[in-house]
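Breakdown of the fold
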Amino acid sequence: YYKMAVKIRSEVASIADDIIAIRRDIHKYPELGFDEHRTSGLIAEHLKNLGFDVATGIAKTGVIGDLKGNKGGPTISLRADMDALPIQETGDTPYRSLNDGIMHACGHDVHMAVAVGTAKELIKNKKKWSGTLMVIFQPAEERGQGSARMLEEGLFEKFPRPDYNLALHVGSSLPAGTVAYSKGYSMANVDMADITIYGVGGHGAYPHTAKDPIVLASKIVSALQTIVSRELNPLDPAVVTVGSIHGGFKHNIISEEVKLQLTLRSYTDDVREDIISKIERIIKGEAISMGMPEDRMPTLKLRDEFTPALYNTPEFVDIVVKHIKNAIGENNVFEAPPVMGGEDFGRFGRVEPKIPTFLFWIGGPSLSDWEKFEKGEITIPTNHSPLFAPDPVPTLKTGVAAMTAAAIGVFNE
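These figures come from a predicted structure and were not determined experimentally.

**Points about the overall build of the protein**
Across its full length, the protein carries 11 helices and 16 strands. Its C-alpha atoms give the protein a radius of gyration of 24 Å, within 12% of the compact-globule value 22 Å for 413 residues. Along the three orthogonal principal directions, the C-alpha set of the protein runs to about 80 × 45 × 40 Å. Classification of the 413 residues of the protein by burial places 54% in the buried group. If you take every contact in the protein between residues at least 6 apart in sequence, the share linking residues at least 24 apart comes to 82%. Surface exposure of the protein reaches about 17,900 Å², of which carbon and sulfur atoms provide 52%.

**Here's the deal with the packing of aromatic side chains**
A full pass over the atoms with the stated rule returns eight aromatic pairs. Centre to centre, the rings of Tyr164 and Phe316 are 4.9 Å apart; their planes meet at 25°, and the pair counts as stacked. Placement of Tyr164 in strand E5 (residues 164–171) and of Phe316 in helix H9 (residues 314–328) is noted, with a sequence separation of 152 residues between them. Judged by its relative accessible area of 25%, Tyr164 is partly exposed. Owing to a relative accessible area of 3%, Phe316 belongs among the buried residues under this scheme. Summarising the aromatic geometry, the rings of Phe345 and Phe348 are spaced 6.1 Å apart at their centres and angled 80° between planes, so their arrangement reads as edge-to-face. Phe348 carries the same exposure label as Phe345, and that label is buried.

**Overview of the sheet that holds strand E6 (residues 179–181)**
Within a sheet, neighbouring strands are paired by backbone hydrogen bonds and run either parallel or antiparallel to one another. With mixed pairing, eight strands are arranged side by side in an open sheet as E1-E2-E4-E3-E5-E16-E6-E15. Whereas interior strands pair on both sides, the edge strands pair on one side only; in this sheet they are strand E1 (53–58) and strand E15 (333–335). When strand polarity is set aside, the average angle formed by the axes of neighbouring strands in this sheet is 25°. Summarising the sheet, strand E3 (residues 70–81) and E5 pair through four bridges and their orientation is parallel. What sits directly across from Ile76, in E5, is Tyr164. Packed on one face of the sheet, helix H4 (residues 108–124) meets strand E2 (62–68), E3, strand E4 (130–138), E5 and strand E16 (357–363) and runs near 160° to E3. Packing of H9 onto the sheet brings it into contact with E5, E6, E15 and E16, and relative to E16 it is tilted by some 30°.

**Thoughts on the confidence of the model for the protein**
Across the protein, the average pLDDT comes to 95, with 96% of residues at or above 70. Confidence over residues 1–6 falls short of pLDDT 50; this stretch has 11 contacts with residues more than four positions distant or in other chains.

**A closer look at the sheet that holds strand E8 (residues 189–198)**
With antiparallel pairing, the four strands of this open sheet are ordered in space as E10-E12-E8-E13. Either end of the sheet is taken by a strand with one partner, and the two such strands are strand E10 (238–247) and strand E13 (299–302). With strand direction ignored, the average angle separating the axes of adjacent strands in the sheet is 20°. Note that E8 and strand E12 (residues 257–266) share 10 bridges and pair antiparallel. Across the sheet, Val190 pairs through a bridge with Arg265, a residue of E12. Lying on the sheet, helix H7 (residues 213–231) is in contact with E8, E10 and E12; it crosses E10 at an angle near 170°. Strand contacts of helix H8 (residues 269–289): E8, E10, E12 and E13, with the helix running at about 160° to E12, the strand carrying the most contacts.

**Some thoughts on the nonpolar core**
Counting 61 residues, the largest nonpolar core has Leu133, Phe137, Leu166, Ile324, Phe358 and Phe360 as the members making the most contacts within it. The greatest single-element share of this core, amounting to 11 residues, is contributed by helix H11 (residues 392–412). The contact partners of Phe360, leaving out residues within four places of it in the chain, are Ala167, Leu168, His169, Val179, Ala180, Tyr181, Ile324, Ala402 and Met403. Formed by 26 residues, the second largest nonpolar core is a distinct cluster that contains Ile220, Leu262, Ile282 and Ile283.

**Brief notes about unusual backbone geometry**
With an omega of -10°, the peptide bond between Glu352 and Pro353 qualifies as cis. Positionally, Pro353 belongs in the loop between E15 and E16. Phi angles above zero are rare outside glycine, and Lys60 is one such case at about 75°. Its location among the elements puts Lys60 in the loop between E1 and E2. Judged by relative accessible area, which is 44%, Lys60 ranks as partly exposed.

What counts and what doesn't
- Residues numbered from 1 in each chain as written.
- Predicted model: local features only at pLDDT ≥ 70, side-chain atom pairs only at ≥ 80, totals over all residues.
- Heavy atoms only, no water.
- Helix = DSSP H or I, 4+ residues; strand = E, 2+ residues; numbered from the N terminus.
- Rg over C-alpha atoms; globule rule 2.2 N^0.38 Å.
- Buried < 20%, exposed > 50% of the residue type's maximum accessible area, 1.4 Å probe, protein only.
- Contact = heavy atoms within 4.5 Å.
- Areas by Shrake-Rupley, 256 points an atom, 1.4 Å probe, with all protein chains shown as cover.
- Phe/Tyr/Trp six-rings, centres within 6.5 Å; stacked < 30°, edge-to-face > 60°.
- Pairing = 2+ DSSP bridges.
- Axes fitted to C-alpha atoms, helices over the stretch in contact; angles between N-to-C directions.
- pLDDT = per-residue confidence, 0-100.
- Core = buried A, V, L, I, M, F, W, Y, C linked by side-chain atoms within 4.5 Å.

What follows is the structure, encoded as structure tokens:
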């Protein structure tokens, strides 16, 4: 297998220009979630040219490529997300976004180019693996809804149901040429919640005749901080962040309403449900303590943007990581702690019966920038920054080499 890994690295180098061109094309014309029409057409064309059976239009703009290898072997899905972010790119790369106010600031352009490059490598080495390859190009990951809609529209019924799910994500916390991974819970449940706090309006000079929702909002914001610090097991990671507060419109008027916007993060479903129930208790309890009328109780509404936690199946991780190390070198692969960011790829592994699932990270910053960063000389733009710009050649080569080795290894193991 080591000889195969060396061969993969050599072939990846030979297609670097091709996948770099694909990535730059996608980067120049970014599109938002469920609106990735040009991107979808471009990807479908590449897959058809490679000989895949291609289906389009699932979840509006999703693309599925299906390729059967030698008989026998498992079905493996490789997922790449497609959507960009509503961010104005401020970097000076020659392939910067031409769509004003939209940018691939989270690296989904890299993910798509790596997926196409991996498909090419697997076709070149088709005699050396058995099974079925399904490449999933998923819309609207940033909205947390793309994977849900694909599943609702029959992704694993109309197309081969995977035995294993694989994906990668480019990041800024390690240099290009390296891979990082974590086992078990690796990314968080993500909820976006809206709290509406009602009051009884009045004149600011006569507060005793009103019920001030701004004061109530202040008490609620403070009380919410005790959920993680005092009510959850310290060994259960969680976040409750109030990201926005809006209320009132004039100096001397006690308003009728205040709105809070929150993000809630957790790993397990039990902790998620616990956080939600405690928020409901706190907002009502604080309102009662201020003598708020029953018909003016605060309300909590969860937005339809839930992203489930990503669970990297430990046994599957061990198999994949072994093959990635063979492909790019053991010293370039690191185990890393989980993060509280969200990634809706995890939903593909939660279907019943559950499917072994693994998402790993590839580095983005250039080695020279990383060395300066470690010396404290510069900062490195993170994902979602208008300056996010992975070093193209080593990032793409590493992604294709790692994912190709992982897929062939799993097909044969």
